[in-house]
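# Structural overview for review
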Amino acid sequence: MSISSRFSVGIHILSLLEVNKNEVNTSEFIAKSVNTNPVVIRKIMGMLKNAGLVHVRPGIAGAGLAKGLSEITLLDVYKAVNVVSDNELFSIHEEPNPACMVGRNIQDTIGPLFSTAQLAMEKVLANVTIEDVVKGILEKEKQSQ
């Protein structure tokens, strides 16, 4: 099972808002870029708004970034779109057989490993900003021309 696509869609939305900052960014416009339904975009935009990452005005078409590009990390997006609960990126099966040596010890053995892995991933995400993503997008676009 992979991390919810809300994470990559959230990054897509924020990047598009920057690249298209001089235009009106409606949920319909963003949905065309993401290739999804505008309802999905509005839901994720609501999450990004609640996290203070975007501003939207009820009844008025368009959205924009609420912070500078270099102030928004991928960890901010990850947390904003509720990808997973704290320390629950990796699930451990419940109720293994306590009569089995592996069953009675597996949770206590791999739990700390999973926590360490999640912390490492979150540290990486905390060191990458939407500015980095936008720069990468613009660089790739320039190379393809």
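Residues numbered from 1 in each chain as written. Predicted model: local features only at pLDDT ≥ 70, side-chain atom pairs only at ≥ 80, totals over all residues. Heavy atoms only, no water.

## Regarding the side chain of Ser27
Heads up, the condition is: Under the DSSP-based scheme used, a helix requires at least four consecutive residues in state H or I and a strand at least two consecutive residues in state E, with every element numbered from the N terminus. Note on contacts: a residue pair is in contact if any heavy atoms of the two residues lie within 4.5 Å.
Inspection of the secondary structure puts Ser27 in helix H2 (residues 27-34). Not counting residues within four places of it along the chain, the set of residues in contact with Ser27 comprises Pro38, Ile41 and Arg42.

## Notes on the pattern of salt bridges
Basically, it comes down to this: Salt bridge criterion: a side-chain nitrogen from Lys or Arg within 4 Å of a carboxyl oxygen from Asp or Glu.
Counting across every chain of the model gives two salt bridges. Here Glu28 ties to Arg42 by a salt bridge, and the two come within 3.5 Å at their closest N and O atoms. Separated by 14 residues along the polypeptide, Glu28 in helix H2 and Arg42 in helix H3 (residues 38-50) bring together distant segments of the chain.

## A look at helix H1 (residues 6-19)
For clarity, the cut-off: Expected span of a helix, by definition, is 1.5 Å for each gap between consecutive residues, and there is one gap fewer than residues. The rule is simple: take the accessible area with a 1.4 Å probe, protein chains only, and divide by the maximum for that residue type; under 20% is buried, over 50% is exposed, in between is partly exposed.
With 14 residues, H1 extends 20 Å from end C-alpha to end C-alpha; this agrees with the ideal 20 Å at 1.5 Å per step. Along H1, the residues classified as buried are Phe7, Val9, Gly10, Ile11, Ile13, Leu14, Ser15, Leu16, Leu17 and Glu18.

## Considerations on the packing of aromatic side chains
Quick note on the threshold: Stacked, tilted and edge-to-face are the three classes applied to pairs of Phe, Tyr and Trp rings, where Trp contributes its six-membered ring and a pair requires centres within 6.5 Å; stacked means planes under 30 degrees apart, edge-to-face means over 60, and tilted covers the rest.
Applying the stated criterion to the full structure yields two aromatic pairs. Measuring from ring centre to ring centre gives 5.5 Å for Phe7 and Tyr78, while their planes differ by 80°; the resulting arrangement is edge-to-face. Here Tyr78 lies in helix H4 (residues 74-80) and Phe7 lies in helix H1, a separation of 71 residues in the sequence. Note on Phe7: relative accessible area 14%, which makes it buried. Using a relative accessible area of 3% as the deciding quantity, one classes Tyr78 as buried. Between Phe90 and Phe114, the aromatic rings sit 5.0 Å apart at their centres with planes inclined by 35°, giving tilted as the arrangement. With Phe90 in the loop between H4 and helix H5 (101-126) and Phe114 in helix H5, this residue pair connects regions lying 24 residues apart in the sequence. Judged by relative accessible area, which is 36%, Phe90 ranks as partly exposed.

## As for a nonpolar patch on the surface
Stated precisely, the cut-off is as follows: Patches here are clusters of residues that have more than 30% relative accessible area and form no salt bridge, with a 9 Å joining cutoff for like charges and a 5 Å cutoff for nonpolar side chains (Val, Leu, Ile, Met, Phe, Trp, Tyr). A 1.4 Å probe and the Shrake-Rupley method give the accessible areas. Residues count as covered only by the protein chains that appear here.
A contiguous nonpolar surface patch, about 250 Å² in accessible area, is contributed by Val19, Ile137 and Leu138. In this structure, Leu138 sits in helix H6 (residues 130-144). Classification of Leu138 as partly exposed rests on a relative accessible area of 47%.

## Focus on the nonpolar core
Rules: Definition used in this section: a nonpolar core is a set of buried Ala, Val, Leu, Ile, Met, Phe, Trp, Tyr and Cys residues joined via side-chain atoms within 4.5 Å.
Membership of the largest hydrophobic core comes to 32 residues, with the highest contact counts inside it found for Phe7, Ile13, Leu14, Leu48, Val77 and Ile130. In terms of residues, this core owes the most to one element, H1, which gives seven residues. Setting aside its immediate chain neighbours within four residues, Leu48 contacts Gly10, Ile13, Leu14, Leu53, Val54, Val77, Ala80 and Val81.

## So, unusual backbone geometry
Notably, Asn35 is not glycine yet its phi reads approximately 65°, a positive angle. Considering the arrangement of structural elements, one finds Asn35 in the loop between H2 and H3. A positive phi is found at Glu95, a non-glycine position, where the angle reads about 55°. Structurally, the position occupied by Glu95 is in the loop between H4 and H5.

## Structural notes on the environment of Asn37
Short version of the rule: Polar contacts here mean pairs of N or O atoms no more than 3.5 Å apart (in protein, one a potential hydrogen donor and the other a potential acceptor; neighbouring residues in sequence count only if both atoms are side-chain atoms).
Mapped onto the elements, Asn37 comes out in the loop between H2 and H3. A residue is classified by how much of its surface remains accessible, and Asn37, at 43% relative accessible area, is partly exposed. The spatial distance from the C-alpha of Asn37 to the C-alpha of Ser27 is 8.7 Å, given a sequence separation of ten residues. Only 2.8 Å separates the side chain of Asn37 from the backbone nitrogen of Val39, close enough to count as a polar contact.

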